[in-house]
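# Structural characterization, general
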Amino acid sequence: MKAWYLLYCKPKSELRAQQNLALQQVESYLPVIKEQKTTRGKTKVVEVPLFPNYLFIHFDPTEFSVSKIHNTRGASRIIGCKELMTPINDAIIAEIKHRVGNHQLEVEPELIKGDKVRFTQGPFVDLDAIFDENCANQRCNVLFTIMGQQKSLQVDIDQVVRC
């Protein structure tokens, strides 16, 4: 009888396994969500697997060879595949599909020069500053007023939030 099973894939090979399983007419489901990633100071929205290295597959082990799935490029092994296969309840898959479909990414707009920021960590916690510019390695320059003078300070970008 057809049921859902959990397939463990080789690192970052979920899409490869899904494509190769589709060529074998094996239905699969890879839940993905949108995430905001910052690389080299640039922020972009990317789709990432909800469960990295895992893929849900829907097949009948009595009709389709389990060893064919284990030998599929990108696939590693079916979870719970020892003496008796462990199927996943259809309601769980339906709930995952529902939640992934309703997932909304809250995109935080990038800080721009002149934005007011507040320190959330470190020795200046709860004090205000003015964002100046992004630097390398997840750091930024802020203008901080101390003793009547405005000083430039370099801090980790995750230590400040927009006011």
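Each remark here, short or long, concerns the structure printed above.
Residues numbered from 1 in each chain as written. Predicted model: local features only at pLDDT ≥ 70, side-chain atom pairs only at ≥ 80, totals over all residues. Heavy atoms only, no water.

With that settled, the discussion passes to the pattern of salt bridges. Counting across every chain of the model gives 7 salt bridges. The salt bridge partner of K37 is E35, with a shortest N-O separation of 3.5 Å. Assessed through its relative accessible area of 35%, K37 is described here as partly exposed. In this structure E35 comes out as partly exposed when scored by relative accessible area, which is 30%. In this structure, D128 and R118 form a salt bridge, with 2.9 Å as the shortest nitrogen-oxygen distance. On the criterion of sequence distance, the pair formed by D128 in strand β8 (residues 128-134) and R118 in strand β7 (residues 116-119) is long-range, its members being 10 residues apart. The exposure class assigned to R118 is partly exposed, which follows from its relative accessible area of 35%. (Salt bridge = Lys/Arg side-chain N within 4 Å of Asp/Glu carboxyl O. Buried < 20%, exposed > 50% of the residue type's maximum accessible area, 1.4 Å probe, protein only. Helix = DSSP H or I, 4+ residues; strand = E, 2+ residues; numbered from the N terminus.)

Counted by the stated rule, this structure contains 8 aromatic pairs. Taken together, a centroid distance of 6.4 Å and an interplanar angle of 80° make the contact between F59 and F64 edge-to-face. Here F59 matches F64 in class, with each residue buried. When the ring of F119 is compared with that of F124, the centres are 5.5 Å apart and the planes differ by 45°; the resulting orientation is tilted. Looking at F124, the relative accessible area reads 24%, which means it is partly exposed. Aromatic ring contacts, followed pair by pair, group Y5, F59 and F64 into a single cluster. (Phe/Tyr/Trp six-rings, centres within 6.5 Å; stacked < 30°, edge-to-face > 60°.)

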